Amino acid sequence: MKNIVILGAGFGGLRAAIVLGKNNKKLRRKGYQITLIDKNRYHTYTPLLYEISTTSKETANYLDLKSVTTYPIEGVLLGLPIEFIEGEIQEIDLVNKKIQLAERQVEYEYLIIALGAETNFFDIPGLKENALELKSLNDALKIRDTVWEMVEGAAQNEAVDIVIGGAGSTGVELAGEIQEWLSQLKKEGYRCRTSVTLIDAAPAILSGFDPRITKIASQRLKKLDTSILTEEKIDKVENNKAYLASGKIVSFDLLIWTGGVKANSIAEKLPVKYEKQSRIGVLGELLCAFEKSDLKAEGNVYGIGDIVCVPDSTGKPVPMVARAAIIQGTIAAKNIVSEIKGKKSYLKYNPKEYPYIIPVGGKYAIAKIGPFTIVGFFGWILKGLVELNYLFSIMPNMRALRIWLRGLRIFIQNDRLG
Ligand SMILES: Cc1cc2nc3c(=O)[nH]c(=O)nc-3n(C[C@H](O)[C@H](O)[C@H](O)COP(=O)(O)OP(=O)(O)OC[C@H]3O[C@@H](n4cnc5c(N)ncnc54)[C@H](O)[C@@H]3O)c2cc1C
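The structure displayed is predicted, hence computed values, not measured ones.

Trainee: What is the right way to read the pattern of salt bridges from this model?
Mentor: Pairing between side chains of opposite charge can happen when the charged atoms of each approach one another. Counted under the stated rule, the structure contains 12 salt bridges. A salt bridge links K233 to D235; its shortest N-O distance comes to 3.3 Å. What makes K233 partly exposed here is its relative accessible area of 45%. Taken together, the shared-partner salt bridges connect K57, R144 and D145 into one network.

What follows is the structure in structure tokens.
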């Protein structure tokens, strides 16, 4: 059997695997099998990570939080004839069509690269060593434990200052939610003084978003008592101090960096064309664009999700969002099926503006769907429904509903302030 290999079981890779799995009979007849590789045994629903970072230990333990945000991949693939390999990919050899894992090699005939993105610290001195990041469940739990320990260990009136570098959607979500959590902890009797400061180099928070959304989010954060420093670039970090380009120095007890992303560095040395943020350039059919024409390697390597860069009609890169990865996963998988069946027509990926929802503390979110903006509690409800809809699309309905209800119970209990 020849192998169709998918690297990464995130939003894009998992969707590609499901679409290919559903076409298995046709593929088998032509001598193909499907393999999915990921370093984790589970798929992570990242939009919930900010909630995990701010859930009190009394509300939910580690296992509860893990079960509502991460889903075992083998469970998701149940009934689909897909081989899942748990392993860290060390090298992608496009010329010899081989994937190197720690203890084995996997050969492929078709490849889908869906390895996502990682935090970009922009080589700012001291930043990586002194800041926490938020990309995975473990990162989220680390933030939660650190905040909790700092507040618990602080004496009356002692200051606990939290600084978040980067006011994109993750920074804004986290700032709002941490602020709410701290207010709650104080109501429960902790007597330290706390502050949350959001710093960004752009003139406003949520740079690149609709200015109306930026305004609503800024007002909400101010109402929650979050300090916002814009047009301030962090130049250096040391000894619990962030040194800004303007000359200001901001002291912190905890620094969280949400100020940059770049493509997964595993793909850094491939013979492909690179675009902004080290992302791989792809053509309309989502085939990777090669630096030099190499007939041996070209033609069977697809790239999807955060690791690739597709410009929209204005030339701006499509944002790194789950919806884009899911749509691209479906297109890449369908194009592989068509090609194996001998069809010469390919689906093309047409970037468009995706709806988005930005939660800003408690049961409050700002949703933008086309020309409509839904703000507050109904935005938060919509966010929950989007999650449920996603779970329905990757697992049986009853299991999806059970997980969703468990999450709802935890997060409602946690967001007491509303
Ligand atoms: C905190 C946070 C909140 C977010 N909130 C939202 C939101 O509300 N809405 C939204 O649309 N988007 C959101 N996003 C963005 C969204 O998560 C990404 O756009 C989406 O995950 C991209 O999908 P992907 O398939 O490209 O990569 P991912 O989903 O990141 O999947 C990559 C996969 O590759 C695996 N992998 C990576 N390296 C290796 C390796 N060396 N070996 C083996 N496996 C490897 C990883 O384990 C992972 O499973 C958020 C992201 C974060 C970090």
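We are not done yet, so read on.
Trainee: Help me out: how do you make sense of the domain arrangement of the protein in this one?
Mentor: Often, the extent of an interface is quoted as the loss of accessible area on bringing the components together. Domain boundaries assigned for the protein yield domain 1 (2-39 + 87-119 + 261-341) and domain 2 (127-259 + 356-414). Here domain 1 and domain 2 have C-alpha centroids that lie 31 Å from each other. On the side of domain 2, seven residues touch domain 1, which itself brings 10 residues to the contact. Both faces considered, domain 1 and domain 2 share a buried interface measuring about 660 Å² in area, 56% of it formed by carbon and sulfur atoms. Its largest share of buried area at the contact with domain 2, domain 1 owes to F11, R15 and T119, together 55% of the area lost on that side. Counting every contact that joins domain 1 to domain 2 gives zero salt bridges. Within the residue set of the side of domain 1 that touches domain 2, elements represented by two or more residues are α1 (11-22) and β10 (117-119). Sorting elements by how many residues they give to the side of domain 1 that touches domain 2 places α1 first, with four residues. The residue inventory of the side of domain 1 that touches domain 2, partitioned by class, reads six nonpolar, one polar and three charged.

Trainee: Is there a simple way to think about the nonpolar core in this case?
Mentor: The tendency in soluble globular proteins is for nonpolar side chains to be buried as a group. Core analysis: the biggest nonpolar cluster contains 121 residues, and L7, L20, L36, I99, L111 and V172 have the highest contact counts within it. No other element matches helix α10 (residues 322-341), which puts nine residues into this core. Residue assignment places this core across two domains, with domain 1 (2-39 + 87-119 + 261-341) and domain 2 (127-259 + 356-414) each supplying three or more. Beyond its immediate stretch of four places on either side in the chain, L20 contacts I4, I6, L27, I34, I112, A333, I336 and V337. If you look at the next biggest cluster of nonpolar residues, it comprises 14 residues, including F121, V163, I199 and W257.

Trainee: Looking at this structure, how should I read the site of the ligand?
Mentor: Close to the ligand lie 26 residues, the nearest being G12, D38, T46, I89 and D306. Between the ligand and F11, the relevant distance is 3.2 Å, taken from an oxygen atom to a main-chain nitrogen or oxygen of the residue. Taking D306, its main chain carries an N or O atom lying 2.8 Å from an oxygen atom of the ligand. For the ligand, the accessible surface in isolation is 1,000 Å², of which the surrounding protein chains cover 85%. For the shell around the ligand, the secondary-structure elements that each account for two or more residues are α1 and α10. Considering only residue class, the shell around the ligand consists of 11 nonpolar, 10 polar and five charged. Shared between two domains, the shell around the ligand takes at least three residues from each, and those domains are domain 1 (2-39 + 87-119 + 261-341) and domain 2 (127-259 + 356-414).

Trainee: Would you take a moment to explain the packing of helix α7 (residues 137-153) against helix α8 (residues 169-187) for this structure?
Mentor: As a packed pair, α7 and α8 sit with axes 12 Å apart at the nearest point and diverge in direction by 35°. With respect to the hand of their crossing, α7 and α8 are arranged in right-handed fashion. Residues I143, R144, V147, W148 and V151 of α7 touch α8, and the partners they reach there are L174, I178, W181, L182 and L185. For the contact of α7 with α8, the residue count by class is nine nonpolar, no polar and one charged.

Trainee: Explain the environment of P359 here, please?
Mentor: Considering the arrangement of structural elements, one finds P359 in strand β22 (residues 356-359). Judged by its relative accessible area of 2%, P359 falls in the buried class. Remark: the alpha-carbon pair of P359 and R15, spanning 344 residues in sequence, is separated by 25 Å. In this structure P359 touches Y50, E173, Y364, A365 and K383, once residues within four positions along its chain are discounted.

Trainee: Help me understand the packing of α1 against α10, please; the structure alone is not making it clear to me.
Mentor: Packed helix pairs are characterised by how far apart their axes lie and by the angle those axes make with each other. Axis separation between α1 and α10 bottoms out at 7 Å; the angle between their running directions is 35°. Once α1 is placed against α10, the crossing between them reads as right-handed. Of the residues in α10, those in contact with F11, G12, R15, A16, V19 and L20 of α1 are A322, A325, I326, G329, T330, A333, K334, I336 and V337.

Trainee: Please explain the packing of aromatic side chains as it appears in this structure.
Mentor: How two aromatic rings sit relative to each other is given by the distance of their centres and the angle of their planes. Applying the stated criterion to the full structure yields eight aromatic pairs. Geometrically, the ring pair formed by F209 and Y356 is edge-to-face, given 4.9 Å between the ring centres and 85° between the ring planes. Linking F209 in the loop between β12 (193-199) and α9 (211-223) with Y356 in strand β22, this pair joins segments that are 147 residues apart in sequence. Since its relative accessible area comes to 25%, F209 is described here as partly exposed. Here Y356 falls in the buried class, since its relative accessible area comes to 18%. Taken together, a centroid distance of 5.9 Å and an interplanar angle of 20° make the contact between F377 and W380 stacked. Taken together, the positions of F377 and W380, both in helix α11 (residues 377-394) and three residues apart, correspond to about one turn of that helix. On the basis of relative accessibility, which here comes to 42%, the residue F377 falls in the partly exposed class. Accessibility expressed as a relative area gives 9% for W380, which makes it buried. Taken together, F11, Y45 and Y390 form an aromatic cluster joined through their ring pairs.

About the cut-offs
- Residues numbered from 1 in each chain as written.
- Predicted model: local features only at pLDDT ≥ 70, side-chain atom pairs only at ≥ 80, totals over all residues.
- Heavy atoms only, no water.
- Salt bridge = Lys/Arg side-chain N within 4 Å of Asp/Glu carboxyl O.
- Buried < 20%, exposed > 50% of the residue type's maximum accessible area, 1.4 Å probe, protein only.
- Domains from an automatic or database assignment.
- Contact = heavy atoms within 4.5 Å.
- Buried area = accessible area lost by both parts, 1.4 Å probe.
- Helix = DSSP H or I, 4+ residues; strand = E, 2+ residues; numbered from the N terminus.
- Nonpolar A, V, L, I, M, F, W, Y, C, P; charged D, E, K, R; others polar.
- Core = buried A, V, L, I, M, F, W, Y, C linked by side-chain atoms within 4.5 Å.
- Near = heavy atom within 4 Å.
- Polar contact = N/O pair within 3.5 Å; in protein donor to acceptor, adjacent residues only side chain to side chain.
- Areas by Shrake-Rupley, 256 points an atom, 1.4 Å probe, with all protein chains shown as cover.
- Axes fitted to C-alpha atoms, helices over the stretch in contact; angles between N-to-C directions.
- Left-handed = near helix turned anticlockwise from the far one by under 90°.
- Phe/Tyr/Trp six-rings, centres within 6.5 Å; stacked < 30°, edge-to-face > 60°.

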